[in-house]
Amino acid sequence: MTSLPNMTDEQLYRAYLKGDERALRTLVERHGENLTLFLTGMVNDYGEARNLMHESFAVAATTTRLFLGHSSFKTWLFGIGRNLALQELRRAKKVYLTDFSEIEGSLPNREPLPQAVLEKEERAQQLHDALQRIPLDYRQALTLVYFQDMSYTEAGRVMGKSQKQVSNLVYRGKLKLRDILEADLDAANGTKDNPA
């Protein structure tokens, strides 16, 4: 028999359905943090995103009829999480924007970083800040494709959109991000050129 860490998600899910609780724990270890990060981008609250992640696994653990194997387990799980987050947003009647500072604040302290690493982190923060300012659908598509390494088809299944629609969202999202980053750069350069 294959050991749990070497099993595919689908094999683990089937093992859980047959009564192996360790299989579900392995799935949570494998996908819990990435799902939480994705959900944080939707609800802008890391604690709430963790709750939604746990709720997503609870739904997956108790709603076996829904997973038909037409997509990967990860795609199905992220779709559950997205639907739960959208329900929460509707309940709250708010549109949240991503704030990664809470996530970054929870990372362990590190030794002082060399200048190149600091610059890389600064660029990453600028990207995260720009992501906050684009529409939710763009942000979701970009997050699923670039941060979760999903194909357009998988991201479409999560978002309830066609592959073409996801492709369009990614394309428009990248254009919007480029415009925001260029405007921020121009504003920063203008500030440096014209000190007050």
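Small disclaimer: the values here were computed from a predicted structure and weren't measured.

(A) Inspection of the pattern of salt bridges at higher detail. The full count for this structure, using the stated rule, is seven salt bridges. Ionic pairing is found between Arg-133 and Asp-184, a salt bridge with its closest N-O pair at 2.9 Å. Here Arg-133, found in the loop between helix H6 (115-132) and helix H7 (136-147), pairs with Asp-184, found in helix H9 (residues 163-193); they are 51 residues apart in sequence, far enough to count as distant. Given the relative accessible area of 42%, Arg-133 is considered partly exposed.

(B) Quick peek at the packing of aromatic side chains. Taken as a whole and judged by the stated rule, the model has four aromatic pairs. A centroid spacing of 5.2 Å and a plane angle of 40° characterise the contact between Tyr-13 and Phe-73, whose relative ring orientation is tilted. In this pair, Tyr-13 sits in helix H1 (residues 9-17) while Phe-73 sits in helix H4 (residues 73-92), placing the two residues 60 residues apart along the sequence. Neither residue differs from the other here; Tyr-13 and Phe-73 are each classed as buried. When the centroid spacing of 5.5 Å and the interplanar angle of 65° are considered together, the rings of Tyr-13 and Trp-76 count as edge-to-face. Residue Tyr-13 is found in helix H1, and its partner Trp-76 is found in helix H4; the two are separated by 63 residues along the sequence. Residue Tyr-13 is classed as buried on the basis of its relative accessible area of 3%.

Analysis parameters
Residues numbered from 1 in each chain as written. Predicted model: local features only at pLDDT ≥ 70, side-chain atom pairs only at ≥ 80, totals over all residues. Heavy atoms only, no water. Salt bridge = Lys/Arg side-chain N within 4 Å of Asp/Glu carboxyl O. Helix = DSSP H or I, 4+ residues; strand = E, 2+ residues; numbered from the N terminus. Buried < 20%, exposed > 50% of the residue type's maximum accessible area, 1.4 Å probe, protein only. Phe/Tyr/Trp six-rings, centres within 6.5 Å; stacked < 30°, edge-to-face > 60°.

Just distances and angles here, no functional claims.
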